[in-house]
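Spelled out, the chains give:
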Amino acid sequence: VTPYPWPDGAPAAALVTFDVDGEAPHLWRSRADGGPRTAELEQRRFGPRRGLSRLLGLLDAHGLRATCYVPGYIARQYPDAVGEITAAGHELALHGDLHEPPGDLDPRRFRELTLRSIDALAGIAGEPPVGFRSPSWDMTPAAFDVLAELGVRYDSSLMGYDHPYRVGDLVEIPVDWATDDAPFYRYVGRGDTRPPTAPAQLAGAWADELAAACRFGSLLNLTMHPWLSGRAARAHALDTLLTAIRDSGAWTGTAAELAAWHASTCADGPRVAVAELGEAADG
Ligand SMILES: [Zn+2]
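Calculation rules
- Residues numbered from 1 in each chain as written.
- Predicted model: local features only at pLDDT ≥ 70, side-chain atom pairs only at ≥ 80, totals over all residues.
- Heavy atoms only, no water.
- Salt bridge = Lys/Arg side-chain N within 4 Å of Asp/Glu carboxyl O.
- Helix = DSSP H or I, 4+ residues; strand = E, 2+ residues; numbered from the N terminus.
- Buried < 20%, exposed > 50% of the residue type's maximum accessible area, 1.4 Å probe, protein only.
- Phe/Tyr/Trp six-rings, centres within 6.5 Å; stacked < 30°, edge-to-face > 60°.
- Lys NZ or Arg CZ within 6 Å of the ring centre and 35° of its normal.
- Donors = N, O, S within 2.8 Å, 3.2 Å for Na, K, Ca; no water.
- Tetrahedral: all angles 85-135°; square planar, octahedral: opposite > 155°, others 65-115°.

Bringing the pattern of salt bridges into the picture now. In the structure shown here, the tally under the stated rule is twelve salt bridges. Salt-bridge contacts for Glu42 lead to Arg45; the nearest nitrogen and oxygen are separated by 3.0 Å. A residue pair is termed a helical-turn pair when its members lie 3 or 4 positions apart in one helix, as Glu42 and Arg45 do in helix H2 (residues 38-62) at three residues. When its relative accessible area of 23% is taken as the criterion, Arg45 is described as partly exposed. Salt-bridge contacts for Glu112 lead to Arg108; the nearest nitrogen and oxygen are separated by 3.3 Å. You can see Glu112 and its partner Arg108 sitting in helix H5 (residues 107-125), four residues apart, about one turn around the helix. Within the structure, one salt-bridge network assembled from shared partners comprises Glu23, Glu42, Arg45 and Arg49.

For the rest of this paragraph, the subject is the packing of aromatic side chains. To describe a pair of aromatic rings, you give the distance between the ring centres and the angle between the ring planes. This model, assessed by the stated rule, comprises four aromatic pairs. Centroid distance Tyr4 to Trp6: 4.3 Å. Interplanar angle 50°. Geometry classified as tilted. A residue is classified by how much of its surface remains accessible, and Tyr4, at 10% relative accessible area, is buried. Here the aromatic rings of Phe110 and Phe132 are separated by 5.8 Å at their centres, their planes lie at 90°, and the arrangement is edge-to-face. Separated by 22 residues along the polypeptide, Phe110 in helix H5 and Phe132 in strand E4 (residues 131-132) bring together distant segments of the chain. Each member of the pair Phe110 and Phe132 is classed as buried. If you follow Arg31 out to its NZ or CZ, it ends over the ring of Trp28, 3.5 Å from the centre.

Right, let's get into the side chain of His262. You can see His262 is positioned in helix H11 (residues 255-265). Relative accessible area serves as the criterion here: at 2%, His262 is assigned to the buried category.

So, about the coordination of the zinc ion. Taken together, the protein donors to the zinc ion comprise Asp21 (OD), Asp21 (OD), His95 (NE2) and His99 (NE2), at separations of 2.1 to 2.4 Å. Classification of the site at the zinc ion as irregular follows from its four donor atoms and the range of 55 to 137° in their angles at the metal. In the primary structure, the donors to the zinc ion are separated according to the pattern D-x73-H-x3-H. Side by side, His95 and His99 carry an identical accessibility label, which is buried.

See below:
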């Protein structure tokens, strides 16, 4: 296997990314389900109220820059908290308007809501976002075409490679469920039977992911949610992992920077046409 040419000749790349979901996913999902529940709203509001700022403080202490994917609704509800992201030099990128998975929308509605989110994020960052991460990592072929038309340059939602690749006109910065905090930390009561993973255990598993990325030259794309990873003991465990990232020699930066690197230096890398992505026929 040809190794991927990471920037600066680094053995791997490590991205620190946050999906600043807050209460948006619960508002979207509960529309047809009796409306939102106070307990889950409050649990999730912890993210923009408190968790985000704590996590940004950690990044600052380590001199690391991150990418924050923020639903338009959250940017409008919490302009000060979201403003901290860009003020500290991190990337602000798209994540739906009310965290609607693209598969729940027809392309026209997806386009309208994406334009609305671009306005919300540009109003804070002072420039339009160049990146998109689909809510719940549910992506559609049509969404790629809409995003390209709106000037978005990369997506970070799919898992077809473990290094950047091309999907249609966009660069794909792949993700991995194993390095997402949600399957390990998300616990909202009602029907959740499995207790959340202990922070030190998850940080240990992710340190193994980092070592493996450096060995095999792959991308470590950490996906975290401030309402989950911003809790005290979890932030404490993440602090240790950030030290390991700094010491590993892996390249770090924003997803937009990595996408720009890929676009400018890896023209003959793997390419997937939008038509090849495949989707069940419209029913
Ligand atoms: Zn999300």
